[in-house]
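Descriptive structure summary
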Amino acid sequence: MLIDSHAHLDMDDFDADRDQVIKRAVEGGVARIVTIGTDLASSRKAIEIAKKYKHIYAAVGYHPHNADEADLRDLEKLRGLASEPKVVAWGEIGLDFFRRHSSPEKQVRAFERQLDIASEQGLPLIIHDRDAHTDLLRILNSRKRQYRGVIHCFSGDYDLAMALIELGFCISFTGTVTYKNAVDTQAVAIRIPLERLLVETDCPYLTPVPLRGKRNEPLHVKHTAEKIAQLRQVDFEELARATSVNTIRLFNLPETL
Ligand SMILES: [Zn+2]
């Protein structure tokens, strides 16, 4: 069994064949999928999808790209959605100083506010960090607490990974770890403790090798897991089992469906 810990099944890319995509994943051994909201509308849609399929769970949150439009009222509406039965996490939230679709100030404000709400709601965090490692650590450390959550699509070095693990986080890898030039990310995937490692697609984006260039979908998480198993020199089954257990524990998913 494998779990895709981070998918965006609400996106238009799946409108034509969402049913088949989910069926393919389940039949291919991807037993659970967490589909992730990026704003109010997409969080609502994520919940709808999760309600429709027993294999799917949802996360609600405001992505840093959308932070400019995240007002307090929207965040309070998200808080309301967070108590829906299939919502298992708050995310994705975080900082993206690479694309800067929203201003860094607004990103920081939306991130801090959502850290508070998620902790009030008792939900684990799904965090996006692109070119914002220093600010991410500063904000997390300033709260002087332990966390429950995952740093998704990890792009930092081993020291950053270990600092985040010390704070309580898991580290998750996407298809980028399969790319030829991803030597630094691969080094992290080899060295971090297995009990903190998760795999994900971030589909429809970041399709792993050998399917790079095509639309990504939850079934393809296999290629990412295979690559990490190979890098760590463990059996695929062992890596699949460990990452599934880690994901079930993090998001408090039922052991059986
Ligand atoms: Zn994502």
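Preceding this section is the structure that the text describes.
All of the points below concern the structure found in this document.

The rules behind these values
Residues numbered from 1 in each chain as written. Predicted model: local features only at pLDDT ≥ 70, side-chain atom pairs only at ≥ 80, totals over all residues. Heavy atoms only, no water. Salt bridge = Lys/Arg side-chain N within 4 Å of Asp/Glu carboxyl O. Helix = DSSP H or I, 4+ residues; strand = E, 2+ residues; numbered from the N terminus. Buried < 20%, exposed > 50% of the residue type's maximum accessible area, 1.4 Å probe, protein only. Expected span 1.5 Å × (residues − 1). Polar contact = N/O pair within 3.5 Å; in protein donor to acceptor, adjacent residues only side chain to side chain. Contact = heavy atoms within 4.5 Å.

Here the focus is the pattern of salt bridges. Inspection of the entire model under this criterion finds 15 salt bridges. Between Lys51 and Glu84 there is a salt bridge, with the nearest N and O atoms lying 3.3 Å from each other. Of the two residues, Lys51 sits in helix α2 (residues 40-52) while Glu84 sits in the loop between α3 (72-81) and β4 (87-96), which places them 33 residues apart along the sequence. Judged by relative accessible area, Lys51 falls into the exposed class, the value being 55%. Measuring nitrogen to oxygen at the nearest pair gives 3.0 Å for the salt bridge that ties Asp135 to Arg138. Remark: Arg138 and Asp135 occur in helix α5 (residues 133-142); sequence separation between them is 3 residues, near one turn of the helix. Judged by relative accessible area, Asp135 falls into the partly exposed class, the value being 25%. Connected through salt bridges with shared partners, the residues Asp17, Arg24, Arg215 and Glu217 form a single ionic network.

Here we come to helix α9 (residues 236-251). For α9, with 16 residues, the first-to-last C-alpha span of 22 Å sits near the 22 Å given by 1.5 Å per residue. Within α9, the full set of buried residues consists of Leu239, Ala240, Ala242, Thr243, Ser244, Asn246, Thr247, Ile248, Leu250 and Phe251. One or two positions beyond α9, positive phi appears at Asn252, with a value near 55°.

Turning our eyes to something else, we now look at the side chain of His6. Along the chain, His6 falls in strand β1 (residues 2-7). A relative accessible area of 1% means that His6 is categorised as buried. A distance of 3.3 Å separates the side chain of His6 from the side chain of His152, its partner in a polar contact. Setting aside residues no more than four positions away along its own chain, His6 makes contact with Val34, Ile36, Glu92, Ile126, His152, Glu200, Thr201, Asp202 and Cys203.

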